[in-house]
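# A closer look at the structure
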Amino acid sequence: MMNSQQKPKYVKLGYHYLISRGIYLLLTPSIAVVSIRLSSLTAHDLVYLWDQLRFNLVMVVLSLALLVFLATLYFMSRPKKVYLVDFATYKAEDSRIVSLETFMDRSVRAGTFTEENLAFQKKILELSGLGQKTYFPDAVLQVSGRIY
């Protein structure tokens, strides 16, 4: 016997199934009916249908517009494919490990930043999640042409 907490779960699963497969549930009977109807057509019926459609341009345009709209709606609502990419990191040599204080000291020694720039850089370093053992490239560690 289902309790009151299990019922919404199954309703939600049924709703999800209906919405995700709704286009198939609608198209399958429609295609079956159309194929049965088309199988009984003769050449005379096709000529008559062509004559009727030729003089009823509005209905043809509306039918095509509806078909394009439904096809667009179907393709836009399909789930997107997800591709997994292999993840790898590069671990540099230990000589490139720098603390945040050392990095800020090198930035001050470079002499190219204003106090406002240094304050902004310090704020970014604090908020970025870099640790006290962060690897930096040699170009960042250079002060006036020397590597420390």
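### Topic: the overall build of the protein chain
Along its length, the protein chain carries seven helices and four strands. Overall, the protein chain shows an N-to-C arrangement of helices and strands of α-α-α-α-β-α-α-β-α-β-β. Against the compact-globule benchmark of 15 Å for 148 residues, the protein chain has a radius of gyration of 34 Å, which places it well outside the compact range. Across its three principal axes, the protein chain shows a C-alpha extent of roughly 90 × 55 × 30 Å. Per-residue burial over the protein chain gives 11% buried out of 148 residues. Across the protein chain, contacts joining residues at least 24 apart in sequence account for 66% of those joining residues at least 6 apart. With the model as given, the accessible surface of the protein chain reaches about 13,400 Å², and the carbon-plus-sulfur share is 67%. Positive and negative side-chain charges of the protein chain, numbering 17 and 11 respectively, have mean locations separated by a distance of 13 Å.

### Re the confidence of the model for the protein chain
Residues with a pLDDT of 70 or more make up 92% of the protein chain, whose mean pLDDT is 82. Put simply, strand 4 (residues 146–147) is where the protein chain has its lowest mean pLDDT, 54, and helix 6 (residues 115–128) is where it has its highest, 90.

### A closer look at the packing of aromatic side chains
What the rule picks out here adds up to two aromatic pairs. Ring centres of Phe 103 and Phe 136 lie 4.6 Å apart, and the angle between their planes is 5 degrees; this geometry places the pair in the stacked category. In this pair, Phe 103 sits in helix 5 (residues 100–110) while Phe 136 sits in the loop between strand 2 (134–135) and helix 7 (138–141), placing the two residues 33 residues apart along the sequence. Taken individually, Phe 103 and Phe 136 each receive the classification buried, so the pair is uniform in this respect.

### Digging into the packing of helix 5 against helix 6
Packed helices, taken two at a time, are described by their axes: the angle between them and the distance between them. As a packed pair, helix 5 and helix 6 sit with axes 11 Å apart at the nearest point and diverge in direction by 160 degrees. Taken together, the axis directions place helix 5 and helix 6 in an arrangement best described as roughly antiparallel. As helix 5 runs across helix 6, the sense of the crossing is right-handed. Across the interface between the two elements, Leu 100, Phe 103, Met 104, Ser 107 and Val 108 from helix 5 touch Leu 118, Gln 121, Lys 122 and Leu 125 from helix 6. A per-class count over the contact of helix 5 with helix 6 returns six nonpolar, two polar and one charged.

### A short note on the layout of surface pockets
In this model, the largest pocket occupies a volume close to 630 Å³. Lining the largest pocket are 17 residues, and of these Gly 22, Ile 23, Leu 70, Tyr 74 and Ser 77 lie nearest its centre. When contributions to the lining of the largest pocket are tallied by element, the ones reaching two or more residues are helix 1 (6–20), helix 2 (22–39) and helix 4 (57–77). Sorting elements by how many residues they give to the lining of the largest pocket places helix 4 first, with six residues. Grouping the constituent residues of the lining of the largest pocket by class yields 12 nonpolar, four polar and one charged.

### Brief notes about the pattern of salt bridges
According to the stated counting rule, one finds three salt bridges in the structure shown. Linking Glu 93 and Arg 96 is a salt bridge whose minimum nitrogen-to-oxygen distance equals 3.2 Å. With a shortest N-O distance of 3.3 Å, Arg 109 and Asp 105 are connected by a salt bridge. Note that Arg 109 and Asp 105 are positioned in helix 5 at a spacing of four residues, about one turn of the helix.

The rules we used
Residues numbered from 1 in each chain as written. Predicted model: local features only at pLDDT ≥ 70, side-chain atom pairs only at ≥ 80, totals over all residues. Heavy atoms only, no water. Helix = DSSP H or I, 4+ residues; strand = E, 2+ residues; numbered from the N terminus. Rg over C-alpha atoms; globule rule 2.2 N^0.38 Å. Buried < 20%, exposed > 50% of the residue type's maximum accessible area, 1.4 Å probe, protein only. Contact = heavy atoms within 4.5 Å. Areas by Shrake-Rupley, 256 points an atom, 1.4 Å probe, with all protein chains shown as cover. Lys, Arg positive; Asp, Glu negative; His and termini not counted. Charge placed at Lys NZ, Arg CZ, Asp CG, Glu CD. pLDDT = per-residue confidence, 0-100. Phe/Tyr/Trp six-rings, centres within 6.5 Å; stacked < 30°, edge-to-face > 60°. Axes fitted to C-alpha atoms, helices over the stretch in contact; angles between N-to-C directions. Parallel < 35°, antiparallel > 145°, perpendicular 65-115°, else oblique. Left-handed = near helix turned anticlockwise from the far one by under 90°. Nonpolar A, V, L, I, M, F, W, Y, C, P; charged D, E, K, R; others polar. 1 Å grid on protein atoms, 1.4 Å probe; cavity = no way out; pocket = protein on both sides within 12 Å on 5 of 7 lines; lining within 4 Å. Points joined across faces, edges and corners; volume = space filled by probe spheres on them. Salt bridge = Lys/Arg side-chain N within 4 Å of Asp/Glu carboxyl O.

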